[in-house]
Amino acid sequence: MPSNDASVTPSDARSTLRANCADCFALCCTAFGFQRSADFPIDKPAGTPCQNLADDFSCTIHESLRPRGFRGCTVFDCFGAGQLVSQELQGGTSWRERPDMSAEMFRTFGVVRQLQEMRWYLVEAAERASGTDLAAPVARLTAEVVRVLDGGTAEILAADVDGLRAAVRTVLVDISEEARGGYLAGAGWEVDDALQPSADLVGRDLRDRRLCGAELRGALLVGADLRGTDLAGVDLLGADLRGARLDGADLAEALFLTQAQVNAARGDAATLLPATIDRPGHWTKSPSTSTTDGELSP
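Here's the deal with helix 4 (residues 102–129)
And step 1. In this model, helix 4 (28 residues) spans 40 Å end to end at C-alpha, consistent with the 40 Å of a helix rising 1.5 Å per residue.
And step 2. The first or second residue beyond helix 4 is G131, which carries a positive phi of 80°.

Brief notes about the confidence of the model for the protein
And step 1. Residues with a pLDDT of 70 or more make up 89% of the protein, whose mean pLDDT is 91.
And step 2. No element of the protein has a lower mean pLDDT than strand 2 (residues 296–297), at 36, and none a higher one than helix 5 (residues 135–150), at 98.
And step 3. Contacts of residues 291–298 to residues separated by more than four positions or lying in other chains number 17 contacts, the stretch itself having pLDDT below 50.

Things to note about the packing of aromatic side chains
And step 1. Enumeration over the complete set of coordinates arrives at eight aromatic pairs.
And step 2. Ring geometry for F25 against F57: centres 5.2 Å apart, planes inclined by 55°, an arrangement best described as tilted. With F25 in the loop between helix 1 (10–15) and helix 2 (71–75) and F57 in the loop between helix 1 and helix 2, this residue pair connects regions lying 32 residues apart in the sequence.
And step 3. When the centroid spacing of 6.2 Å and the interplanar angle of 85° are considered together, the rings of Y121 and F256 count as edge-to-face. Of this pair, Y121 sits in helix 4 while F256 sits in the loop between helix 7 (161–187) and helix 8 (259–264), and the two are 135 residues apart along the sequence.
And step 4. Taken together, the ring pairs in this structure connect F25, F57, W95 and F106 into an aromatic cluster.
And step 5. Taking NZ or CZ as reference, R14 lies 5.7 Å from the ring centre of W120, over its face.

Observations concerning the environment of A158
And step 1. Among the secondary structure elements, A158 is positioned in helix 6 (residues 153–158).
And step 2. Given the relative accessible area of 63%, A158 is considered exposed.
And step 3. The spatial distance from the C-alpha of A158 to the C-alpha of V148 is 9.1 Å, given a sequence separation of ten residues.

Notes on the packing of helix 3 (residues 81–89) against helix 4
And step 1. Running from N to C, helix 3 and helix 4 cross one another at 130°; their axes reach a closest spacing of 8 Å. On the basis of their axis angle, the class for helix 3 and helix 4 is oblique. In the crossing of helix 3 with helix 4, the sense of the turn from one axis to the other is right-handed. Of helix 4, the residues touching helix 3 (which contributes A81, G82, L84, V85 and L89) are M105, T108, F109, V112, R113 and Q116.

Observations regarding the environment of R113
And step 1. Mapped onto the secondary structure, R113 falls in helix 4.
And step 2. Given a relative accessible area of 18%, R113 falls into the buried group.
And step 3. In sequence terms R113 and G82 are 31 residues apart; their C-alpha atoms lie 7.8 Å from each other.
And step 4. With sequence-adjacent residues up to four places away left out, R113 is seen in contact with F32, F76, D77, C78, F79 and A81.

Points about the state of the cysteines
Two cysteines, two sulfur atoms, one covalent bond between them: this is a disulfide.
And step 1. Counted by the stated rule, this structure contains zero disulfides.
And step 2. With no disulfide of its own, C59 lies closest to C29 among cysteine sulfurs, the gap being 6.4 Å.

Conventions and cut-offs
Residues numbered from 1 in each chain as written. Predicted model: local features only at pLDDT ≥ 70, side-chain atom pairs only at ≥ 80, totals over all residues. Heavy atoms only, no water. Helix = DSSP H or I, 4+ residues; strand = E, 2+ residues; numbered from the N terminus. Expected span 1.5 Å × (residues − 1). pLDDT = per-residue confidence, 0-100. Contact = heavy atoms within 4.5 Å. Phe/Tyr/Trp six-rings, centres within 6.5 Å; stacked < 30°, edge-to-face > 60°. Lys NZ or Arg CZ within 6 Å of the ring centre and 35° of its normal. Buried < 20%, exposed > 50% of the residue type's maximum accessible area, 1.4 Å probe, protein only. Axes fitted to C-alpha atoms, helices over the stretch in contact; angles between N-to-C directions. Parallel < 35°, antiparallel > 145°, perpendicular 65-115°, else oblique. Left-handed = near helix turned anticlockwise from the far one by under 90°. Disulfide = S-S within 2.5 Å.

The structure is reproduced here in structure tokens:
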């Protein structure tokens, strides 16, 4: 089960927060539902297996999900909840073997995914808060999330997830202010009024904006043009990066970035990412160049 041992390094902690589909009973392909949209070509009710699910819980079209319209599948990240529920909480017994337990297993997966996502953010928070007054609340919240996960299915389903999420968000905001303050104070400038939490920046060209230290928490950056921008110290907690153009952008020091956000965006070989984030396989393999009409060519 999850560990709160102080000797566990951030790298070790994040290793348990990465999906391992080989040890999961395809819970994301079964528990959750989706509707026909730009991300999915079909409707699928919650609690039913995807039509592309094989008997061994693998995906029969895994290598061609995006071309076939299942882009949403390539974006999703369970933060390791799938294998935790499948192997640790359920002891390796699948929903096919115990259909009477399937509904509970699916509910548990949904909650565990939220708790694992909190742990992902708290690992980064612990690194950034080290040696500050914020280290103690981060450690307390981490211990509480781990305690719930260690408590088993009953404890997990009874957890006050909304309360925990609110508490985690509060401490992340405090850490964000501390981290971003250094960028703003050193530069001697004020953030553009348009660059605010929850801002609607859909499709906006932000290449000429000074972004370092900006607070874009929860911002809508769908299709935004961020090519070549420096996003150091930018708070991207919960920001919607679907289709955002990140070719050549530097996100190595961005705050609270997740794999799912990066998977949803567009980038290339020149895009710089944090060491904890993998470069999506569907990104352009070589640095992109701008053409005269403003489009990108490989």
